[in-house]
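Report on the structure
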Amino acid sequence: MTDGPKYGFDTLQIHAGARPDPATGARQTPIYQSTAFVFRDAEHAAALFNLQEVGYIYSRLTNPTVAVLQERVATLEGGVGAVCCSSGHAAQIMALFPLMAPGLNVVVSTRLYGGTVTQFSQTIKRFGWEATFVDFDDLDAVKAAINDKTRAVFCEAIANPGGYITDLDAISAIADAAEIPLIVDNTSATPYLCRPIEHGATLVVHSTTKYLTGNGTVTGGVVVDSGTFDWSANDKFPSLSAPEPAYHGLKFHETFGPLAFTFHGIAIGLRDLGMTMNPQAAHYTLMGTETLSLRMDRHVENALKIAEWLEQDDRVDYVTYAGLKSSPYYDRVAKICPRGAGGLFTFAVKGGYDACVKLVNALEIFSHVANLGDARSLIIHSASTTHRQLTAEQQRAAGAAPEVVRVSIGIEDADDLIADLDQALSKAAS
Ligand SMILES: *Cc1c(COP(=O)(O)O)cnc(C)c1O
C-alpha cells in the first residue's frame, strides 16, 4: 500500500510508503544498512545516472528505508514527494537552496524556533542570502517586505516559542500574489494537527527530531513538496526551470513536472550538499509516525488541561497557549489546526528570572532540555540558556522574556505533571 485519499490518517501513518519486503516478506520496514546498491548491468547504471530511471545508487542520494519515510510524510502532508535530510535545519537549507542565489532574500516570521532565527539572521548571509524578519500578524508589513529579489516566504504553522497560530491562508494569498512559494515549518503542529498544503503552502519542512519521531532519539528533517507551484511561470527559479548543466541541459520542471522540486532535492541537493538522513534515523522516525495521531491527541489534551490550571494559579502571570479562550489566537485554532493547538506554550512566573531558575531546578518529571516534541515533558528557561546572549528587550521580542519559561507538554498523566508544577512553583515563590 502506498497512499490514496480513501484511507484515513490513522491508517496512513502506519502503512503509507511501506510494503512487505520484496526479498524476505518482512512485514516491518527493514533497515537497509547499505551504502551502495548493485546495478543490474551497465545500461541500468547509465539510466539511473541520467535520471531516466528511478532506483538506488548510493545512500547519500537514496536509500530504501529513507524512501519509505519520504513517501509516508509526503502522504500525511498531502504532498507529491519529499526529501529527508539529516536535521530540521538541514531541511530548511534544502528547501531554500533551489530557490535562492546571492543577492536574493526570503521574508520570514519573527516568531520562529531560536535556532532558525540564528540560521536566517546570521549563517545564510555566508551564502549571500538575506532574510527579512516581519511580524506575520501584520499582513501589510509582510506584503511590504516582499520585493523583486524575494524568492520565498517562511513561517511556522504553530510558532515558537509561545504556540502562536499563523494565519496560513492569508500569508499564502500574499505569496501567491507575489508568485513566490510559501514554506511552512510544520514541526510543532505535525500533519495530524495542521496540513499547510491545504492552506496554500508550496513546501512544508519538518524537524522530524520532534513529534514525528516522538521519543527524543534521532535528529532528522524532511522537505515535502505540494507539487502545485509553477516554477516556469517566470524566470525567478532557474534551478528548476532552466537547463541544468550537470545533467546534460535537463530542465527539472519540464522533465519531472510536479516532482521537479523533489527530484532536484535528491539529484542536486543531497548529491552536492550531502545532508543525508541515515537509515537508522529513518527507522526510528518510521516507528514514531505509527503512533503520531494517538500521541498528538494526548499532547493536546494534556497541554490544554495544564494551561488552564496554570492560568488560574496566582503564582503565574500569564499563559500563551492558543487553545485557551483568553488567547488572541484562539479563533485561528478552529481554522488552521482544528484538532488542537499543539503541546507547546510559554508561561510567565511571578518573581521573574530568579523564580524561573528555581522552578526549572525544582521540577522532577519535567526535564530541563533544549528540545521539544518528546513523549516526556520538557521545560526550558530561554533567558538563561538559548537566549542568554540577547538583551532583555531582544528576549522579550522573541517571546523569551526573563520571566517566561517554555514547556513542551508530554504524554504522561496530566495530574502528575500538574502536581510537579505545583510543588516547583511553591519552591520558586519561596
Ligand atoms: C527543532 C526545530 C528545528 C530544527 O530542527 P533540528 O532537527 O534540531 O535541526 C526547526 N524548527 C522547529 C520548529 C524546531 O522545533
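1. Observations regarding the site of the ligand
The environment of the ligand is formed by 15 residues, the closest being Gly88, Asp185, Ser207, Thr209 and Lys210. Taking histidine 89, its main chain carries an N or O atom lying 2.9 Å from an oxygen atom of the ligand. Within the complex, the protein chains bury 92% of what would otherwise be the 380 Å² of accessible surface of the ligand. Per-element tally for the shell around the ligand: the top contributor is helix H4 (residues 88–96), with three residues. Within the shell around the ligand, the residues separate by chemical class into two nonpolar, 10 polar and three charged.

2. Here we look at the environment of glycine 269
In this structure, glycine 269 sits in helix H11 (residues 260–273). Judged by its relative accessible area of 2%, glycine 269 falls in the buried class. As for glycine 269 and tyrosine 32, which are separated by 237 residues in sequence, their C-alpha atoms are 22 Å apart. For glycine 269, the contacting residues outside a window of four places in its chain are Met94, His264 and Gly274.

3. A few points about the sheet that holds strand S1 (residues 81–85)
Taken in spatial order, the seven strands of this open sheet run S1-S9-S8-S7-S4-S2-S3, and their pairing is mixed. At either end of the open sheet lies a strand with only one pairing partner, and these are S1 and strand S3 (130–134). Between one strand axis and the next, the sheet turns through 20° on average, direction left out of account. Here three bridges tie strand S7 (residues 182–185) to strand S8 (residues 203–207), and the two strands are oriented parallel to one another. Bridge pairing in S8 links aspartate 185 to valine 205.

4. Notes on the sheet that holds strand S13 (residues 378–380)
Taken together, five strands build an open sheet; the order of strands is S10-S11-S14-S13-S12 and the sheet is mixed. Looking at which strands have only one partner, the edges of the open sheet turn out to be strand S10 (316–319) and strand S12 (367–368). Inspection of the sheet shows strand S11 (residues 344–349) paired to strand S14 (residues 404–408) by five bridges, in the antiparallel sense. The residue bridging alanine 348 from the neighbouring strand is valine 404, located in S14. Where helix H13 (residues 292–311) meets the sheet, it contacts S10 and S11, and its direction lies at approximately 15° from that of S11.

5. Some details on the packing of aromatic side chains
Within the structure shown, the criterion is met by 14 aromatic pairs. Through a chain of ring-to-ring contacts, three or more aromatic side chains come together here, namely Phe229, Trp231, Phe237 and Phe261. Between arginine 111 and the ring centre of tyrosine 164, over which it is positioned, the NZ or CZ distance is 5.0 Å. The ring of tyrosine 113 carries the charged tip of lysine 210 above its face, separated from the ring centre by 4.5 Å.

6. Considerations on the domain arrangement of the protein chain
Interfaces are often sized by the amount of accessible area the parts lose when they come together. What the domain assignment lists for the protein chain is domain 1 (9–99 + 181–288) and domain 2 (292–429). A C-alpha centroid distance of 33 Å is found between domain 1 and domain 2. Taken together, the contact between domain 1 and domain 2 spans 19 residues of the former and 23 residues of the latter. Interface area for domain 1 against domain 2, summed over the two sides, is near 1800 Å², with a carbon-plus-sulfur share of 56%. When the area that domain 1 buries against domain 2 is broken down by residue, the three leading residues are Tyr192, Leu193 and Tyr211, summing to 45%. Seen at the junction of domain 1 and domain 2, the total is zero salt bridges. Our count for the domain 1 to domain 2 interface comes out at nine residue pairs in polar contact (both at pLDDT 80 or more). For the side of domain 1 that touches domain 2, the elements supplying multiple residues, two or more each, are helix H1 (9–15) and helix H8 (190–193). Each residue belonging to the side of domain 1 that touches domain 2 can be placed in one class, and the counts come to eight nonpolar, nine polar and two charged.

Definitions and cut-offs
Positions within a chain are numbered from 1, following the residues in the order the chain's sequence is written. pLDDT decides what is reported in this predicted model: residues at 70 or higher carry local features, side-chain atom pairs at 80 or more are listed and counted, and totals for whole chains, interfaces and linings draw on all residues regardless. For the side-chain quantities, the full set of heavy atoms in the structure was used; hydrogens and water were omitted. Throughout, the term near means that a residue has one or more heavy atoms lying within 4 Å of the molecule or strand in question. Polar contact is the term for a pair of N or O atoms within 3.5 Å; when the atoms are in protein, one must be able to donate a hydrogen and the other to accept it, and sequence-neighboring residues count only if both atoms are side-chain atoms. Values of accessible area rely on a 1.4 Å probe in the Shrake-Rupley scheme; residue burial ignores everything except the protein chains shown. Numbering of helices and strands runs from the N terminus, with a helix taken as a DSSP run of H or I at least four residues long and a strand as a DSSP run of E at least two residues long. Residues are grouped as follows: Ala, Val, Leu, Ile, Met, Phe, Trp, Tyr, Cys and Pro are nonpolar; Asp, Glu, Lys and Arg are charged; all remaining types, including Gly, are polar. Partly exposed describes any residue whose relative accessible area lies between the buried limit of under 20% and the exposed limit of over 50%, with all areas from a 1.4 Å probe on protein chains only and scaled to the type maximum. Whether two residues touch is decided by their heavy atoms; if any such pair falls within 4.5 Å, the residues are in contact. A pair of strands is considered paired only if DSSP assigns at least 2 bridges between the two. Inter-axis angles, ranging from 0 to 180 degrees, are taken between N-to-C directions of lines fitted to C-alpha atoms, where helices are fitted over the stretch in contact. Put simply, two rings from Phe, Tyr or Trp (the six-membered ring, in Trp's case) pair if the centres are within 6.5 Å, and we call them stacked under 30 degrees between planes, edge-to-face over 60, tilted for the rest. A ring is scored as having a charge over it whenever the NZ atom of a lysine or the CZ atom of an arginine sits within 6 Å of its centre and within 35 degrees of its normal. The split of the chain into domains comes from an automatic or database domain assignment. Here the buried area means the combined drop in accessible surface, using a 1.4 Å probe, for two parts upon being joined, counting both sides. Any carboxyl oxygen of Asp or Glu within 4 Å of a side-chain nitrogen of Lys or Arg constitutes a salt bridge here.

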